[in-house]
Structures are given as C-alpha cells and as structure tokens.
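Survey of secondary and tertiary structure
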Amino acid sequence: MNLDIVLALAFYFIIIIIFFWKRDKFVVQNKIFIMYRTKIGLSLMDWLAKKVPRLLNLLGYLSIFIGFIAMAVIVVMLIWLTGKLVFVPGSDPGLAPILPGVQVSPDLPVLGFWHWIISIFVLALVHEFFHGVYSRLNNIPVKSSGVAFLGPILAAFVEPDEEILSKKSKKAQLEVFSAGPFANFLTAGFFILILSLILNPLISSLAVPGLEIVDVSAGSPIDLAGIMAGDYLMELNNVETKDTNNFRKAVVDLVPGVVVKIRTDKSEYSVVAVENPDNPSVGFLGFKVTNSQLDKDDHPVLIWIYFLVFWGVILNIGVGLFNLLPLGPVDGGRMFLTGISVFIKDNEKANKLYSFMTVFMLLLVFINILPWLWKLILYLIGIFV
C-alpha cells in the first residue's frame, strides 16, 4: 500500500468534511473552483508595492518578457511530447499530476506527502502574493486572498478588482498576469542557490569519500582482483577519485596491458587492463562507479530537508510553466489574449483565436493526463477490491 497516496486521500477527506461543515465560508465558481476568502496578506502586498516601486517596475518588464518566452517554450515542448506519446510506443507523458506517491518521471524520486503539501503551499503563496503586489503597484484594489481548490489541486488566490484591471494599460495587465509564474521561477532560483551553496557541499562532506563501485563485470580484471560492488574507489594510479569527472580523466588514455594501481576502502590492488570488448584498442577494467551517497539512516533530517528543497525547485518550475500555457483561465491564457489584442484589434477574432488555443491546449493536457488517470483508477480499484 502506498502510504503517501493514503495520506493524500485522508487529507482530501478532511477537506471535504471542513467544506460541508463551514459551507457558508466557501465560494464555488464554475463548479470546480472552490475558494475560502480571507484578508490575509493584503496589507503586506500594499506595503511592498509602495516600498520598492522602481524595482518592481523593472522586474515587471522582465516578468513579461520571460513569461512570453516560457509560454512559447512550454507550448512547443507539450506539442512535441504529446506527439511522441501518441506515436512512439513506450513514451512517457509530457505532463504529470502533482500528487504524493506519484513518480512523475523515471529520473525523479517519488514525491512524498509532506514534501508535496509544503511545496504546494510555498509555491501557491509566492505565486498569488506577487499577483497581489503587482495589482497594488498598478493601483488595482485586491478584494481578498485565501485558499482554493481547482478540482483536487490545492491552490491559493488573490482577487483583484477585475473591472478596474480590465481598464488598465496592456503593460499593467501583463505585469499582473505574469507576476505569479515569474515569482515561481524566482523561488526556484532561490532554492537552487540553497542546493548549490549549502546542501550539496554539506552532503558531499558527510558522504563516504571516493566513488561507489556499483557494477563489476564477471571475469573482468577488477572481478579477478577481488574488488566487489559496494566497495569504494579512493585512488586510481595514485590520483584521488573524488568524483566521476576525476575518474573519467584517469581512464581516458587507458590501453590494454597497462598495470593500474587501485586503492579502495578495503585494500590496494595492481590490476592489468585488458582489451575492451567493444574496442580492442581501448583498455578495460570491468567496473562502473557513481558518486557516493549520504547514508539516509545516519542523517534522516538532512536528507528530508534536501528533498524538500529539491522538490521546491521542480514544482515551482513545473507549475510556473504550466500556468503559462495559453489556456483559459490560467495566467498564460490571460497573457495570450491580452498580447494578441495588441495586434488583432477585432475583439471577436481575438477571442476566437483565444478559444481555439484553449481547446487545443486542453486536448494536449487531457492526452497527457489520461495515462495517469488510468493508473489512479487501477490503484483505487486495488484498494477496495
């Protein structure tokens, strides 16, 4: 049984109970968007907009520029990945649900429940907060803020005065629409700095020195010397092998017949390289290595924090990009309609193009989500059958 999915189902069950218990406090729009209105954070948005207006104005131009560039990138990527999914057997979907217990990619770890709930809260908070800041920067009143659900997707919201917003300049509107995804990209950048400058060096200093030997070919020189998978390679020809880059440099000129001195965490060996089965002119020792990893059992809190920051990067980038799809009513859809209205003065034609893009994007999203929905259905059936 997947504990993370069970915790997520329990979380949604509690939310449903609260919804019916405090039904008068919630507002339902279009039958799938549920809002719980508050005034939290409104004064802080107003303060920040008045405190650094010049900086925010400069960032506004960057936000709009990056927003349209990222929109083009995510549209091209989604079309390509959808085509690959449909026409190339065994391809993975281009989109994945942000749900705990789901492995969104073979190259990524499974998203844990607590990492999910904290990451979603942070990305939703910064996303909506910056929508509010840029609303106030452009003298647009913000009526409320709060927690929301778009179907099963946990979110947050700010509620600017739409009537006043629609009368503002195109630049002001685009600043407000692009501010949320831009804030997610900035947050991802901040988390990347934490990983690069703090967590990765700390973990490397605590990990077992050397490279972990992860695979040894049967009958190879390494195997015959008694070196096994799980040993740690410390030196190769008296050169420390601190990472895989050092290792590649040490073996790049390896030829058959050369004696190689190897030191592991167990002992020292002299091994004679043989011909590589794929290229006889290249030396072959017969083992693969990887950078050593920190033992999770010895440092569980540090590993937990590392993956929290890691998922902060992945989810902020992923959600920021998804929000820039030219799809109504997400930020990208509103940016797209505002942007094309600069060039297409006929409102009817602009809205037709906007509607076409919305339907097209929805179709691509549905195709990519369908395999995940099928997996979820099978999982739920497995729980109750």
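We now turn to the structure provided with this report. (Residues numbered from 1 in each chain as written. Predicted model: local features only at pLDDT ≥ 70, side-chain atom pairs only at ≥ 80, totals over all residues. Heavy atoms only, no water.)

**Concerning the pairing of strand 9 (residues 268-272)**
- With burial as the criterion, only one face of strand 9 is covered, namely that bearing Tyr269 and Val271; the residues Glu268, Ser270 and Val272 on the opposite face remain uncovered.
- Bridge count between strand 8 (residues 259-264) and strand 9: 5 bridges; the pairing is antiparallel. Paired with Lys261 across the strands is Ser270, a residue of strand 9.
- The turn joining strand 8 and strand 9, which pair antiparallel and follow one another in sequence, is formed by 3 residues. (Buried < 20%, exposed > 50% of the residue type's maximum accessible area, 1.4 Å probe, protein only. Helix = DSSP H or I, 4+ residues; strand = E, 2+ residues; numbered from the N terminus. Pairing = 2+ DSSP bridges.)

**Some words on the packing of aromatic side chains**
- In the structure shown here, the tally under the stated rule is 14 aromatic pairs.
- With a centroid separation of 5.2 Å and 55 degrees between ring planes, the pair formed by Phe26 and Tyr36 is classed as tilted. Pair noted here: Phe26 is in strand 1 (residues 26-29) and Tyr36 is in strand 2 (residues 33-38), with a separation of 10 residues, a long-range link.
- Classification of Phe26 as buried rests on a relative accessible area of 14%.
- By relative accessible area, which is 32% here, Tyr36 ends up partly exposed.
- Ring geometry for Phe113 against Trp114: centres 5.0 Å apart, planes inclined by 80 degrees, an arrangement best described as edge-to-face.
- Aromatic ring contacts, followed pair by pair, group Phe11, Phe113, Trp114 and Trp116 into a single cluster.
- In this structure, Lys171 packs its charged tip against the face of Tyr61, placed 4.7 Å from the ring centre. (Phe/Tyr/Trp six-rings, centres within 6.5 Å; stacked < 30°, edge-to-face > 60°. Lys NZ or Arg CZ within 6 Å of the ring centre and 35° of its normal.)

**Describing the pattern of salt bridges**
- Enumeration according to the criterion identifies 9 salt bridges in this entry.
- In this structure, Asp231 engages Lys266 in a salt bridge whose closest nitrogen and oxygen atoms are separated by 2.8 Å. Remark: Lys266 occurs in the loop between strand 8 and strand 9 and Asp231 occurs in the loop between helix 7 (221-225) and strand 6 (232-236); sequence separation between them is 35 residues.
- Here the salt bridges share partners, and the residues they tie into one network are Asp46, Lys50 and Arg136. (Salt bridge = Lys/Arg side-chain N within 4 Å of Asp/Glu carboxyl O.)

**Looking at unusual backbone geometry**
- A positive phi angle, near 55 degrees, is found at Asn139, a position not held by glycine.
- With respect to the secondary-structure elements, Asn139 resides in the loop between helix 4 (113-137) and strand 3 (142-150).
- Backbone geometry places Asn238, a non-glycine residue, at a positive phi of 65 degrees.
- Mapped onto the elements of the fold, Asn238 is located in the loop between strand 6 and strand 7 (239-240).
- For Asn238, a relative accessible area of 59% puts it in the exposed group.

**Observations concerning the packing of helix 6 (residues 170-206) against helix 10 (residues 331-343)**
- One way to put it is that helix 6 packs onto helix 10 with a least axis distance of 9 Å and a crossing angle of 155 degrees. Taken together, the axes of helix 6 and helix 10 are roughly antiparallel relative to one another. Taken as a pair, helix 6 and helix 10 cross one another with a handedness that is left-handed. Residues Lys170, Gln173, Leu174, Phe177, Ser178 and Pro181 of helix 6 form the contact with helix 10, whose participating residues are Asp331, Arg334, Met335, Thr338, Ser341 and Val342. (Axes fitted to C-alpha atoms, helices over the stretch in contact; angles between N-to-C directions. Parallel < 35°, antiparallel > 145°, perpendicular 65-115°, else oblique. Left-handed = near helix turned anticlockwise from the far one by under 90°. Contact = heavy atoms within 4.5 Å.)

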